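# Observations on chain architecture
What follows is the residue order along each chain.
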Amino acid sequence: MLGAEDKQAPWLWCTLAACSPPSPAPPRVPRLQGHGQWTHAHAQWHTVAALLRLSGSAALAQLWPAALPALAAAAADHDRDPRLRLELLHLVAALLEDDSKADGWRQAGAGQALVASVLSPALAWRAGRVSAALRYAALAALASLLSRRRLPPEQLAAAVCSSGARSDAAAAAAASSSSSGGGGSGLVERVAGCLDEEYEPDTRQLACHVTGLLLEAGGWAGSKVGRPDEPAGLHAPSACKRPMHRGWQKCSASFPSEKAPALPALAGLAVGTQLSPPQLAALHPELLKRLDDSSNRVRVAACTALQHWLRATAAAAPQQGGLPDSEASALASSLLIHVGDPAGEVAGAVCRLMEQLAALSPGTIRPLAAAAAGAHARGDLLQRVLAACGAA
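Residues numbered from 1 in each chain as written. Predicted model: local features only at pLDDT ≥ 70, side-chain atom pairs only at ≥ 80, totals over all residues. Heavy atoms only, no water.

The subject of this paragraph is the overall build of the chain. Of the regular secondary structure elements, the chain holds 16 helices and 2 strands. Expressed as a percentage of its 392 residues, the buried residues of the chain come to 54%. Across the chain, the fraction of contacts at a sequence separation of at least 24, relative to all contacts at a separation of at least 6, is 72%. (Helix = DSSP H or I, 4+ residues; strand = E, 2+ residues; numbered from the N terminus. Buried < 20%, exposed > 50% of the residue type's maximum accessible area, 1.4 Å probe, protein only. Contact = heavy atoms within 4.5 Å.)

Rendered as structure tokens:
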């Protein structure tokens, strides 16, 4: 039964009908009214969340246009009930993890609207522990969307590479964030801002993971969940939660194996190659900074993201062979410092990154690796880099 405070019975009856098997003339679901009064305890919010969880792909396609304005308004309004906003992001992550709804995100740009109107505003930087928890939850939902290929490559590229069509509330929130020093309003810029999340190594690690997914997401057009040789633990399940920030909850995301093999060649990168040169250039120093992170997990994740960055850079400028020699030399000099890291998983991740760099610029990397191999404590790893130069 519906709560007494719920005054949207016609809308709810339509949505209940939409959850049944599709009919030749599915009902038109009107937009919600009064959602500005929602809190985490509001009956209508619980009803809408339950309907979205229970819907399949066809029902989601009918419900989403009606529900999106309400969800976008809550996600973009930093003065709304923080518990409501956190529950909303957990709901989005759960919907994205549900394979029965996969086709629904591809219809009528539903997934693209989700990125522009809900996830991107939630990633805007604001001071405070609650805002940090919201950014983590938004990153986890974005990781689910990317790793499970919920958007066709062209829609994903449009969502990532342009501001896209946003709701008025989301656009206002973006403008407010920029004017208050919250960083850029684009999705790539906001994810990059999370790479420098202070006191939150889990957020920095997840931001590295999402950055890598953004750079390589178009390489499996038409593929199903994940890739055939994908390391276990790539996806970011939303069902697992853990305490954070004085009672708040945040999604616990899983990350690629720290001992994952070198990345396979990708065909047709649809997102990384469409990032503008300033966007690609801006990601480079932010990822390099993570190599000096206090957390080894973050450092390994940064190496994986840099592998994807190298591939995107090479694919974006094939006539130049990818990275100019001066930039390749500077990157290699930075990486040589970390090859001798006492943490084996970090040294191995840096070595894999250098092997990829050597394959792109063998003439530049060979003399640097050869000069360091004789005196370096991890000469065995540098021999692998020299072998990669020879194989290129």
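This part takes up the environment of Gln37. Mapped onto the elements of the fold, Gln37 is located in the loop between helix H1 (9-18) and helix H2 (43-54). A relative accessible area of 61% places Gln37 in the exposed class. In the structure, Gln37 is positioned 43 residues away from Arg80 in sequence and 9.2 Å away in space, judged by C-alpha atoms.

Tallied over the full model, the rule gives 2 cavities of 30 Å³ or more. Taken together, Val188, Val191, Thr211, Leu214, Leu215, Leu275 and Leu283 form the lining of the second largest cavity. Mapped onto the lining of the second largest cavity, the elements with two or more residues apiece are helix H9 (187-194) and helix H10 (201-216). Top contributing element to the lining of the second largest cavity by residue count: H10, with 3 residues. Its residues placed into classes, the lining of the second largest cavity shows 6 nonpolar, 1 polar and no charged. (1 Å grid on protein atoms, 1.4 Å probe; cavity = no way out; pocket = protein on both sides within 12 Å on 5 of 7 lines; lining within 4 Å. Points joined across faces, edges and corners; volume = space filled by probe spheres on them. Nonpolar A, V, L, I, M, F, W, Y, C, P; charged D, E, K, R; others polar.)

Attention now moves to the nonpolar core. Residues Leu52 and Val118 are the most contacted members of the largest nonpolar core, which totals 104 residues. A per-element tally of this core places helix H6 (residues 129-147) first, with 11 residues. Those residues in contact with Val118, other than ones at most four positions away along the chain, are Leu68, Leu71, Ala72, Ala75, Leu88, Leu89, Val92 and Ala113. (Core = buried A, V, L, I, M, F, W, Y, C linked by side-chain atoms within 4.5 Å.)

Contact geometry of helix H3 (residues 57-76) with helix H5 (residues 110-122) gives a least axis separation of 8 Å together with a crossing angle of 15°. Overall, the two elements H3 and H5 adopt an arrangement that is roughly parallel. In this structure, H3 crosses over H5, and the sense of that crossing is left-handed. Contacts between H3 and H5 involve Trp64, Leu68, Leu71, Ala72, Ala75 and Ala76 on the former and, on the latter, Ala110, Ala113, Leu114, Ser117, Val118, Pro121 and Ala122. The residue inventory of the contact of H3 with H5, partitioned by class, reads 12 nonpolar, 1 polar and no charged. (Axes fitted to C-alpha atoms, helices over the stretch in contact; angles between N-to-C directions. Parallel < 35°, antiparallel > 145°, perpendicular 65-115°, else oblique. Left-handed = near helix turned anticlockwise from the far one by under 90°.)

Using the criterion set out here, one finds 15 salt bridges in the structure. Across the salt bridge formed by Arg384 and Glu355, the nearest N and O atoms sit 3.0 Å from each other. Residue Arg384 is found in helix H16 (residues 379-391), and its partner Glu355 is found in helix H14 (residues 344-360); the two are separated by 29 residues along the sequence. (Salt bridge = Lys/Arg side-chain N within 4 Å of Asp/Glu carboxyl O.)

With that settled, the discussion passes to the packing of aromatic side chains. Taken as a whole and assessed by the stated rule, the structure comprises 2 aromatic pairs. Ring geometry for Trp38 versus Trp45: centroids 5.7 Å apart, planes at 50°, classification tilted. Where Trp64 meets Trp105, the ring centres are 5.1 Å apart and the plane angle is 80°; that geometry is what we call edge-to-face. Taken together, the residues Trp64 in helix H3 and Trp105 in the loop between helix H4 (82-97) and H5 connect sequence positions 41 residues apart. Using a relative accessible area of 0% as the deciding quantity, one classes Trp105 as buried. (Phe/Tyr/Trp six-rings, centres within 6.5 Å; stacked < 30°, edge-to-face > 60°.)

Compared with the 16 Å implied by 1.5 Å per residue over 12 residues, the 17 Å span of H2 between its first and last C-alpha is a close match. Inspection of H2 places Ala43, Gln44, Trp45, Thr47, Val48, Ala49, Leu51 and Leu52 among the buried residues, and these make up the whole buried set. (Expected span 1.5 Å × (residues − 1).)

Function-wise, these values are silent; they only describe arrangement.
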